[in-house]
Amino acid sequence: MSIRSYLCVVAVVVVQCLVFAGTAAPALAQATRLRIMPTDGAELAIGQRFDLRVEATSPDKGPAPRGLRVTLDEVDITDRNILDVGPGGERGTGGTGASGPDRGRVGRAPTNTTNFLIRDLSFSEAGSHTISALTADETKASVRVRVHAWESDQTDVPRARNVILLLGDGMGVAHRTAARLVSRGLRSGKAAGRLAMDTMEATGLVMTASLNSVITDSAPGMSSYVTGHKGANSQVGVYPDNTDDVFDNPRVEYLGEMLRRTHGPGFNVGLVTTADVTDATPAGNAAHTSDRNAGPGIAARYFEERRTNGVTVLMGGGARHFSPKGDRTGERSDGRDLLRDYQDAGYQLVTTDGQLQSILTAPDPPSSLLGLFHPRHMAVAFDKVGAGRYSRELALAENAELRDQPALDDMARAAVRSLAAHSPDGFYLLIEGASIDKQAHAVDAERTIWDVIEFDRAVQVALDFAETTNNDADATNDTLVIATADHEAGGFAIIGVGNERYAPTVLGTAVRDYAAVFRFQPEQALDFTLNYEVDEQGYPRDPDPSRKLLVGWAAAPDHYENWISNRVAQDGAIVQPESPDGTARPAAVANPERDGHAEASDNQTVTGRPIPGFLVEGTIENGANPCEPTDRCQGDIPSSPHTIAGHTATDVPLSASGPGALRFTGTYENTDVFFKLLRAVGGGEGKTP
């Protein structure tokens, strides 16, 4: 009787199981390694397109494996390999790529590999499918994928024609709570008002791990929502592969691409963000790349693939990726003038808030809209709202040309107006509050909270639009609104309320005793309530009242804390160079120019009074310790001097309103959201993966 042995091998970032039949498994050191993409357990929707790639790698850089055969449900599909013929007459042998145009072009892989690739596969029926691979040395591997239905034949089933997904990058439960407390306050122990997110019909919790990490970054954190597939960190809309080309990876189709293809050119896509428009979250809806930082290429692919990605509205920062070097803020090294390309294709370009306001008041919104309001990431809400009062960021000379930037809610309003007017078959709109995450990375509580408030104002814009479509006489134009996050950032926690007797302005310095915690006395003398005064938009008029909300950070580097907001935006830590004698490694240390004791430190109150802070030791890697032994510390294994707070693995909230909203209760994977969205659009039922 033969023994079946399963040997799991880690290949790059994906765990695959090699299946051997016989009395014993061959030695690991002598085994060919096989990797199949999609991964085992991957889930697809009926009709969703994906690429299939198989990689066979010989050990110790030996000759490329021979005789690679690939089957799909026991049907041999080896002859469908699009890769060029290599040594011995086999396609893909020796790491050959493909020289075809557009998606037919594939970069070379290592010479000790034999590879297989098919583009744009899909399944027409629900069920399980098995992809298997075999090499001449009898190494075997297989993965199983599941395909799910999402459409209904019934005509009376409620459906969403439009989907608006608002993503507060890095926004955990505590971020939302802090924004509510600061902008709405409490009365008799109850919330004195609700965020727009709080008023939505259903709320659930989302698990956020990526393909290769317990803690995701924003790239797969976003793309998992709109592909139904787990991705590797730093990658969007693709699976890992063994080539150097960052744009040739095996793809999986996005929600917007799929609905554009199935609904036709009357279905459009919008991407709105306060970040660079090529940043991970917007890119994770319309670009396919293994490098989230490939900004110039992502900007070009938005344009070049606009007929398939459907992007007619694109707004945010990142103008540097659209113009050649030497042209004001342009940084493109290929000399291409993408701005001209977009405008020649009919996109209306706006670069200031004033121009955006003109669009909002014009009788007819543009059918295609390109808004680029900053060379990089846009200014945050704290600096826009507080300009000339409690923020000096936009008063800096280097920001002189960047003072006329719109708020996210106005960008959302312009996007909805354009898409609604020119999308007879519906639209998908991504709206990102990007700097919730970026300011949490900087360990800046006020700038983080202000951006949650701004994000929530954009949520209200979406809900107001949905209110009109979901309550009119037309049952076919309804809108589903989702408000969620891709991950939590900073280990953000609400730790206390300021005790006025220990206020920095009372003592002239910052002490931990200002962070009062709850009391047990029956007659509580301590006033443990907040005393913010807010404007008509929900932003505090003074960011530093005597009883302010205090925030702690579980995933932060060393930083100084003086309990006072900062006049300019800086990271909480910097890299301390290696000591001249080499005894001290480069390490992340608290930034003395933010809340420190130096005379030039940004540690002043709004009125200009210096408040020196105290050191808060961080908990994440800082690069101070060498990795030993060095022969086992290759690649990204050694620690690094991390100057920003990290992401965490905490589940994040998701709130939904509109057709299909009740599908989003409970706790589920981020990949499940894709199928819930599709079923809301298609009216289909079935157990969520």
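None of these values were measured; they are calculated from a predicted model. (Residues numbered from 1 in each chain as written. Predicted model: local features only at pLDDT ≥ 70, side-chain atom pairs only at ≥ 80, totals over all residues. Heavy atoms only, no water.)

1. Considerations on the overall build of the protein
Note the cut-off: Strands are runs of DSSP state E lasting at least two residues, helices are runs of H or I lasting at least four, and both sets are numbered from the N terminus onward. With the radius of gyration taken over C-alpha atoms, the globule rule is written as 2.2 Å times the number of residues to the power 0.38. The sign given to each residue is positive for Lys and Arg and negative for Asp and Glu; His and the chain ends receive no count. The atoms used to mark charge sites are NZ of Lys, CZ of Arg, CG of Asp and CD of Glu.
The number of helices and strands found in the protein is 14 helices and 33 strands. Compactness check: the protein gives a C-alpha radius of gyration of 27 Å against a globular reference of 26 Å for 689 residues, within 12% of the reference. When the 64 positive and 91 negative side-chain charges of the protein are each reduced to one mean point, those points stand 2 Å apart.

2. Quick notes on the state of the cysteines
Threshold: Disulfides are defined as cysteine sulfur pairs within 2.5 Å.
As enumerated under the stated definition, the model contains one disulfide in all. With its sulfur 2.0 Å from that of its partner, C627 forms a disulfide with C633. Between C627 and C633, the disulfide has an S-S torsion of -75° and is therefore left-handed.

3. Things to note about the nonpolar core
Heads up, the condition is: Grouping buried Ala, Val, Leu, Ile, Met, Phe, Trp, Tyr and Cys residues that are joined through side-chain atoms within 4.5 Å yields what is termed a nonpolar core. The rule is simple: take the accessible area with a 1.4 Å probe, protein chains only, and divide by the maximum for that residue type; under 20% is buried, over 50% is exposed, in between is partly exposed.
With 122 residues, the main nonpolar core has M315, F322 and Y428 as its most contacted residues. A per-element tally of this core places helix α12 (residues 445-470) first, with 13 residues. Counting residues in hydrophobic clusters, the runner-up holds 25 residues, among them A42, V70, I77 and V143.

4. Section: the confidence of the model for the protein
Parts of the prediction with low pLDDT should not have their coordinates interpreted in detail. Note the cut-off: The quantity known as pLDDT measures the predictor's confidence residue by residue, on a range of 0 to 100. Any two residues having at least one pair of non-hydrogen atoms within 4.5 Å are treated as being in contact.
Per-residue confidence for the protein averages 93 on the pLDDT scale, and 95% of its residues sit at or above 70. Here residues 1-29 scores under 50 on pLDDT; set against residues more than four positions off or in separate chains, the count is 62 contacts.

5. Some words on the side chain of E488
Quick reminder of the rule: Should a side-chain nitrogen of Lys or Arg be within 4 Å of a carboxyl oxygen of Asp or Glu, the pair is scored as a salt bridge. Under this definition, polar contacts are N or O atom pairs within 3.5 Å; protein pairs additionally need one hydrogen-donor-capable and one acceptor-capable atom, and for neighbouring residues in sequence, both atoms have to be side-chain atoms.
Assignment of secondary structure puts E488 in strand β23 (residues 488-489). As a buried residue without a salt bridge, E488 has its nearest oppositely charged side chain in R176, at a separation of 12 Å. A distance of 2.9 Å separates the side chain of E488 from the backbone nitrogen of F492, its partner in a polar contact. A distance of 2.7 Å separates the side chain of E488 from the side chain of T648, its partner in a polar contact.

6. Topic: the sheet that holds strand β18 (residues 311-317)
Stated formally: In this description, strands pair whenever DSSP reports at least two bridges between them. Convention adopted: a line fitted to C-alpha atoms gives each axis, helices being fitted over their contacting stretch, and angles between N-to-C directions are expressed from 0 to 180 degrees.
Ordered in space as β19-β20-β18-β17-β21-β13-β22-β32-β16-β33, the ten strands form an open sheet in which the pairing is mixed. Strand pairing shows two members of the sheet lacking a second neighbour, β19 (348-350) and β33 (666-669), which therefore form its edges. Between one strand and the next, the sheet's axes are offset by a mean angle of 15°, whatever the strand orientation. By the bridge criterion, six bridges tie strand β17 (residues 268-276) to strand β21 (residues 427-433) in an arrangement that is parallel. Looking across to β21, one finds that T273 is bridged to E432. Helix α2 (residues 218-227) contacts β13 (162-168), β16 (202-207), β21, β22 (479-484) and β32 (652-657) of the sheet and is inclined by roughly 160° relative to β13.

7. A word on the packing of aromatic side chains
The line we're drawing: Note on aromatic contacts: the rings of Phe and Tyr and the six-membered ring of Trp form a pair at centre separations within 6.5 Å, being stacked when their planes are under 30 degrees apart, edge-to-face when over 60 apart, and tilted otherwise. Think of it as a cone above the ring: NZ of Lys or CZ of Arg counts as a charge over the ring if it is within 6 Å of the ring centre and within 35 degrees of the ring normal.
In this structure the tally under the stated criterion is 13 aromatic pairs. With a centroid separation of 5.7 Å and an interplanar angle of 50°, the aromatic rings of F322 and Y342 are classed as tilted. Here the residue F322 occupies a position in the loop between β18 and α7 (338-344), and Y342 occupies one in helix α7, the gap between them amounting to 20 residues. One exposure class covers both F322 and Y342, and it is buried. With 6.3 Å between their ring centres and 55° between their planes, Y514 and W563 make a pair best called tilted. Here the residue Y514 occupies a position in the loop between α13 (504-507) and β25 (515-516), and W563 occupies one in the loop between β27 (559-561) and β28 (573-576), the gap between them amounting to 49 residues. For the residue pair Y514 and W563, the accessibility class agrees, reading buried in each case. One aromatic cluster in this structure is built from F303, F322, Y342 and Y347. The ring of F247 carries the charged tip of R301 above its face, separated from the ring centre by 3.7 Å. When the ring centre of F303 is taken as origin, the NZ or CZ atom of R306, which lies over that ring, is 4.1 Å away.

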